[in-house]
Amino acid sequence: MAETLRRVLTRDGAAWSGEENTPVAGPPLLLLGAPGSGKTTLLFAAALEAAGEGQGPVLFLTRRPLQSLPRGTGTTRDPMRLQKIRFQYPPSTRELFRLLCSAHEAPGPAPSLLLLDGLEEYLAEDPEPQEAAYLIALLLDTAAHFSHRLGPGRDCGLMVALQTKEEADSGDVLLLALLQRYFPAQCWLQPDAPGPGEHGLRACLEPGGLGPRTEWWVTFRSDGEMMIAPWPTQAGDPSSGKGSSSGGQP
Amino acid sequence: MAAVLPAVVEQLLSEMAAAVQENARLKFLFGSSATQALDLVDRQSITLISSPSGRHAYQVLGSSGKTYTCLASCHYCSCPAFAFSVLRKSDSILCKHLLAVYLSQVMRTCQQLSVSDKQLTDILLMEKKQEA
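Just so you know, these numbers come straight off a predicted model, no measurement behind them.

Visitor: Please explain the overall build of chain B as it appears in this structure.
Guide: Counting its secondary structure elements, chain B contains five helices and four strands. Secondary structure elements of chain B occur, N-terminal to C-terminal, as α-α-β-β-β-α-α-β-α. Projecting the C-alpha coordinates of chain B onto the three principal axes gives extents of approximately 65 × 35 × 25 Å. Considering only intrachain contacts with a sequence separation of at least 6, the fraction spanning at least 24 residues in chain B is 51%. Averaged over its 12 positive side-chain charges, chain B has a centre that lies 10 Å from the centre of its 10 negative ones.

Visitor: Please clarify how the overall build of chain A should be interpreted in this entry.
Guide: The secondary structure content of chain A amounts to nine helices and nine strands. A total of 250 residues make up chain A; the buried ones form 50% of that total. The contacts in chain A between residues at least 6 apart in sequence include a share of 71% that link residues at least 24 apart.

Visitor: Looking at this model, I keep getting lost on the pairing of strand β1 (residues 29-33) of chain A. Mind explaining?
Guide: A regular strand carries its side chains on alternate faces of the sheet. Residue and element names in this part refer to chain A. Counted residue by residue, β1 has five buried out of five residues, so it is predominantly covered. Both faces of β1 are covered, namely the face carrying Leu29, Leu31 and Gly33 and the face carrying Leu30 and Leu32. Sheet topology note: the β1/strand β5 (residues 157-163) ladder contains five bridges and is parallel. Residue pairing across strands places Gly33 opposite Gln163, the latter belonging to β5.

Visitor: Quick question: what am I supposed to make of the nonpolar core here?
Guide: Nonpolar side chains in soluble globular proteins generally cluster together in the buried interior. Membership of the largest hydrophobic core comes to 73 residues, with the highest contact counts inside it found for Tyr182 and Phe183 of chain A together with Ile46 and Phe82 of chain B. The biggest single contributor to this core is helix α6 (residues 129-150) of chain A, with 12 residues. Ignoring anything within four residues of it in the chain, the contact list for Ile46 of chain B reads Leu40, Val41, Tyr58, Gln59, Val60, Ala100, Val101, Ser104, Cys110 and Gln111 of chain B. Judged by nonpolar contacts, the second largest core, of 31 residues, contains Ala50, Ala203, Val218 and Met226 of chain A.

Visitor: When you look at α6 of chain A in this model, what are you seeing that I'm missing?
Guide: Residues and elements named next belong to chain A. Taking 1.5 Å per residue as the helical rise, α6 with its 22 residues ought to reach 32 Å, and the 31 Å between its terminal C-alpha atoms agrees with that figure. For α6, the tally of buried residues reaches 19 of 22 residues, placing the bulk of the element in the interior. Directly after α6, the chain includes Gly151, whose backbone phi takes a positive value near 95°.

Visitor: Just to check I follow, could you spell out the sheet that holds strand β4 (residues 111-114) of chain B for this structure?
Guide: The strands making up a sheet associate through hydrogen bonds between their backbones, and the pairing can be parallel or antiparallel. All names here are of chain B. Spatial ordering of the open sheet is given by β3-β2-β1-β4, a layout of four strands whose pairing is mixed. Edge strands, defined here as strands with exactly one partner in the open sheet, are β3 (67-71) and β4. In this sheet, neighbouring strand axes are inclined to one another by 30° on average, regardless of whether the strands run parallel or antiparallel.

Visitor: What should I look at first to understand helix α1 (residues 2-10) of chain A in this one?
Guide: For an α-helix, the turn length of 3.6 residues means that residues three or four places apart are oriented alike. Counting buried positions over the nine residues of α1 of chain A gives seven, a clear majority of the element. Buried within α1 of chain A are the following residues: Ala2, Thr4, Leu5, Arg6, Arg7, Val8 and Leu9 of chain A.

Visitor: When you look at the interface of chain A and chain B in this model, what are you seeing that I'm missing?
Guide: Much of the literature gives interface size as the accessible area that the parts lose upon coming together. Contacts between the two partners involve 28 residues from chain A, matched on the other side by 29 residues from chain B. Buried surface at the junction of chain A and chain B, summed over both partners, amounts to about 2400 Å²; 56% is from carbon and sulfur atoms. On the chain A side of the interface with chain B, the three residues burying the most area are His104, Gln130 and Tyr134 of chain A, jointly 28% of the side's total. Counting across the chain A and chain B interface gives one salt bridge. Here Arg55 of chain B and Asp141 of chain A are joined by a salt bridge, their closest N and O atoms 3.0 Å apart. Taken together, chain A and chain B are joined by 14 residue pairs in polar contact (both at pLDDT 80 or more). Elements that contribute at least two residues to the side of chain A that touches chain B include exactly α4 (93-101), α6 and α7 (170-182) of chain A. The biggest single contributor to the side of chain A that touches chain B is α6 of chain A, with 14 residues. When the residues that make up the side of chain A that touches chain B are grouped by side-chain class, the tally is 14 nonpolar, six polar and eight charged.

Visitor: For this particular structure, what's the right way to read the pattern of salt bridges?
Guide: For side chains bearing opposite charge, pairing can occur when the charged atoms are close. Inspection of the entire model under this criterion finds 10 salt bridges over all chains. Its salt-bridge partner being Glu206 of chain A, residue Arg213 of chain A comes within 2.6 Å of it at the nearest N-O pair. Take Glu206 of chain A: its relative accessible area is 24%, and that puts it in the partly exposed class. A salt bridge links Lys118 of chain B to Asp122 of chain B; the nearest nitrogen and oxygen atoms lie 3.0 Å apart. Here Lys118 of chain B pairs with Asp122 of chain B, and both are found in helix α5 (residues 117-131), just four residues apart, close to one helical turn.

Visitor: For this particular structure, what's the right way to read the pairing of strand β2 (residues 58-61) of chain A?
Guide: Residues and elements named next belong to chain A. On β2, burial covers both faces: Val58 and Phe60 on one face and Leu59 and Leu61 on the other are all buried. Sheet topology note: the β2/strand β4 (residues 113-116) ladder contains four bridges and is parallel. The residue of β4 that forms the bridge with Leu61 is Leu116.

Each value, and the rule that gives it
Residues numbered from 1 in each chain as written. Chains lettered and ligands numbered in written order. Predicted model: local features only at pLDDT ≥ 70, side-chain atom pairs only at ≥ 80, totals over all residues. Heavy atoms only, no water. Helix = DSSP H or I, 4+ residues; strand = E, 2+ residues; numbered from the N terminus. Contact = heavy atoms within 4.5 Å. Lys, Arg positive; Asp, Glu negative; His and termini not counted. Charge placed at Lys NZ, Arg CZ, Asp CG, Glu CD. Buried < 20%, exposed > 50% of the residue type's maximum accessible area, 1.4 Å probe, protein only. Pairing = 2+ DSSP bridges. Core = buried A, V, L, I, M, F, W, Y, C linked by side-chain atoms within 4.5 Å. Expected span 1.5 Å × (residues − 1). Axes fitted to C-alpha atoms, helices over the stretch in contact; angles between N-to-C directions. Buried area = accessible area lost by both parts, 1.4 Å probe. Salt bridge = Lys/Arg side-chain N within 4 Å of Asp/Glu carboxyl O. Polar contact = N/O pair within 3.5 Å; in protein donor to acceptor, adjacent residues only side chain to side chain. Nonpolar A, V, L, I, M, F, W, Y, C, P; charged D, E, K, R; others polar.

Structure, rendered in structure tokens:
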């Protein structure tokens, strides 16, 4: 899943449009960030990216309808792509469980990407670790079932966004450890600034396994458009990117 | 003919020795869970539940008589030991039920049960209700 997000962040759009071979979904990815750090925007951009890959539909789960479509990250907001994103709004944890447990009963083509925004809202209702583990395990199981339906050589990816708190208590630490057990790939959005007077976010993508860590510099224009650039330290010396993991990542 | 029998016995003995070694390796890796998991496999306590959709899950009848659900695609068991030792304490990598599922997959000793898609939904949802 990291690959779809990497494409969104790397944004050399044209090179990726359609002619690529079916991409491998890769391990499930957890997107972490404080309120307003652009998680939904990135998730939505990933949905558009996946919808443009000539694969099955994309299933986007979130507690309530998006107020407005995120301004995007430069991804073409082609109506054909938008049509392939199926939004569903489970209003409670119970309804989310119901949706995941009965995912194999849903008719129609299996999604090639399953997205969940605002996991913290569903977990807040019942913060027991085992409950959280079952919810997450069911998300993985649902994606695995969709992969099975897609047939050999095709996988359904999974990407979940979780809002982090500024000061994590012991329960949050436990929850994070639990989540990391199930999500080998992670992307962190952290407030940071590469130079004085600049405000923005550092996006760190850890693709899981042996893949290198990559970082980007994310800012929002006044109209809400997300601007993404490679993290400055990497620009001059590409090899330094892999070793720069001292960046205060939790 | 006389030479054949000792050869067969020798072969059997070396296979048994390999099995004992495997057993010891399992115990080294998984501690007491290994014996308990092998016991569950012996008693055929593992059922693979599948529905026409292709989705499936495992149910393990624990030694206490309680049934636990294990997911087939990822590491999850609904038993208290999984919640405590694996999730909370990170003392173990898996519980005896999950180990029993993996062993029975290798040994092909699962019981098989076919249910309707709706029934599988209920089985997965029931797990949630039991916890609540």
